Amino acid sequence: PPAGQETLHLADDDVGLARAAELLRAGRLVAFPTETVYGLGGNGRDGAAVAGIYAAKGRPSFNPLILHVPSLDAAQEIGVIEGAALDLAQAFWPGPLTLVVRLRASAGVASLVTAGLDTVALRVPDLALARALLEQVGAPVAAPSANPSGRVSPTRAAHVLDGLSGRIAAVLDGGPTQVGVESTIIGASDGQARLLRPGGLPEEAIVAALGRPLAGPLPVPGDRPVAPGQLSSHYAPAAPVRLGVTMPAPGERLLGFGPVAGAALNLSEAGDLAQAAANLFDHMRRLDAEGTAPIAVSPIPNHGLGRAINDRLRRAAAPRD
Ligand code: TXA
Ligand code: MG
C-alpha cells in the first residue's frame, strides 16, 4: 500500500463529505464512522481498492467483507432481499444489522468483497453522515473495522489515526460512535434467519421481529463436507489444488503468478500482489467453472498481501473428505 501517504483528517461538513466521497469513488481508502464502529472503506466495485483494505489492515487472510449501502433499494440491487431478510431489513434498517443474502449476478461487486462466494453481506448504517457519504459515493462501500489486524475496533477518528495513519487516504471524523460494537450478522440466503455474529442489535429484538426463533447453524453447502473449525464462508473449488508449483504436471491447469509460461490464468503477470489479490477469487471461480482438472498454483511470495493470498490458497488446497 502507499504507506507514508498523508492521511487527511476530514471534518463532518459538506466539504469533508464531498472530499471523502471523491476519494472513495477514485479507489482510495477512507475510514468513516457508522453507529457501530469506524469502518475502513473502499469502493466495492474496485478489486484493487478492496485489496488495499487488506493491505492497510495487514490482515493475513481474506474474509468476505460487509458492503455498506445507503438504503434498502440500493441493497436490493446487489443482493436478493426477500422473506426473512426483507422482514428484518424493514424492521431494523438503517441499523446495526448485517444481512447475508444471495448475490445478484448483475451486482458488479469485486469478487474479493465476497471472497468468491455466491452470497453477500449488506448493511444500511444508522448514522446520517455515513448514509450521506454512501449516497455521494454512488457505489457500495466495503468496510471492515478500521483497525490494523489483531487490534480492537476504533470508535473514534483518533483511534483510526493511531492505527492506520499514513496507510489510508483519509478519515472522516464524525465523533465517537454510539453503539461501539460491530453489527449483528444474520445469514438469510436460504429463506431462514441464522445468527452468524452477535453484535449491536440484540438477538432478542430479531426474534421478536421475526415472531419465531432463529434457525440453527448453516447447512453444509452442496455435498462438500465442511471440516470442524472451518467456516462455511470459505470458497473452495471442486478441483484439487496444488500449491507452490513451478512445473505443472500433465493435465494440471496452472494458475500463474509473475511472468510464467503456459498459465491457464495468471493472477498477476507483473507479480503485483494487490492485483493478484483482486483476481484471486475470480480466477479460482473461472477455473472451477471450466472443469475439475487439477489446479496448480505458482509460488506466491509470503509477505504483505501474499500472506492472505497464501492463507486462502492453503484452505482451497486442504484435503477434503
Ligand atoms: O459494524 C460492522 O459490521 C462494521 C462496521 C464498519 O459496519 N463492519 C464490520 O465488517 O465488522 P467486517 O468486514 O469486519 O465483518 C465481516 C464479517 C466477517 O465475520 C465475515 O465472515 C462475515 O461478515 N461475512 C461477510 N460476508 C459473508 C458471507 N457472504 N457469508 C458469511 N459471512 C459473511
Ligand atoms: Mg474487526
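Report on the accompanying structure. As the structure is a computational prediction, the values presented were derived from the model and not from experiment.

1. Here we look at the environment of A169
Topologically, A169 is positioned in the loop between α6 (157–164) and β9 (170–173). Each C-alpha atom of the pair A169 and V80 lies 33 Å from the other, and the pair is 89 residues apart in sequence. Contacts of A169, omitting those with residues within four sequence positions, involve Q5, E6, T7, L8, L23, R28 and L29.

2. With respect to the packing of helix α2 (residues 47–57) against helix α8 (residues 273–290)
Direction vectors running N to C along α2 and α8 enclose 110°, while the axes themselves pass 8 Å from each other. In this view, α2 runs roughly perpendicular relative to α8, as classed from their interaxial angle. Of the residues in α8, those touching α2 at G47, A48 and A51 are A274, A277 and A278. For the contact of α2 with α8, a count of residues per class yields 5 nonpolar, 1 polar and no charged.

3. Examining α6
Listed as buried for α6 are A157, V160, G163 and L164. Buried positions in α6, seen along its axis, are confined to an arc of 130° and lie on one side of it. Looking at the packing, one finds that the buried side of α6 touches β1 (8–11), β2 (30–33), β3 (38–43), α2 and β9. Directly beyond the C-terminal end of α6, a positive phi value near 90° is found at G166.

4. Brief notes about the pattern of salt bridges
Side chains bearing opposite charge may pair, as long as their charged atoms lie close to each other. Applying the stated criterion to the full structure yields 10 salt bridges. Across the pair R312 and D311 runs a salt bridge, and its minimum N-O distance is 2.9 Å. With a relative accessible area of 13%, D311 lands in the buried category. With a shortest N-O distance of 3.1 Å, R315 and D311 are connected by a salt bridge. In this pair, R315 and D311 both sit in helix α9 (residues 305–317), 4 residues apart, roughly one turn of the helix. One continuous salt-bridge network, built from bridges that share partners, spans D311, R312 and R315.

5. Describing unusual backbone geometry
Excluding glycine, most residues fall at negative phi; most peptide bonds, likewise, are trans. The linkage connecting W93 with the following residue, P94, adopts the cis geometry, with an omega of -5°. Within the fold, P94 resides in the loop between α4 (84–92) and β6 (97–103).

Reading the values: the criteria
Residues numbered from 1 in each chain as written. Chains lettered and ligands numbered in written order. Predicted model: local features only at pLDDT ≥ 70, side-chain atom pairs only at ≥ 80, totals over all residues. Heavy atoms only, no water. Helix = DSSP H or I, 4+ residues; strand = E, 2+ residues; numbered from the N terminus. Contact = heavy atoms within 4.5 Å. Axes fitted to C-alpha atoms, helices over the stretch in contact; angles between N-to-C directions. Parallel < 35°, antiparallel > 145°, perpendicular 65-115°, else oblique. Nonpolar A, V, L, I, M, F, W, Y, C, P; charged D, E, K, R; others polar. Buried < 20%, exposed > 50% of the residue type's maximum accessible area, 1.4 Å probe, protein only. Arc of directions from axis to C-beta. Salt bridge = Lys/Arg side-chain N within 4 Å of Asp/Glu carboxyl O.

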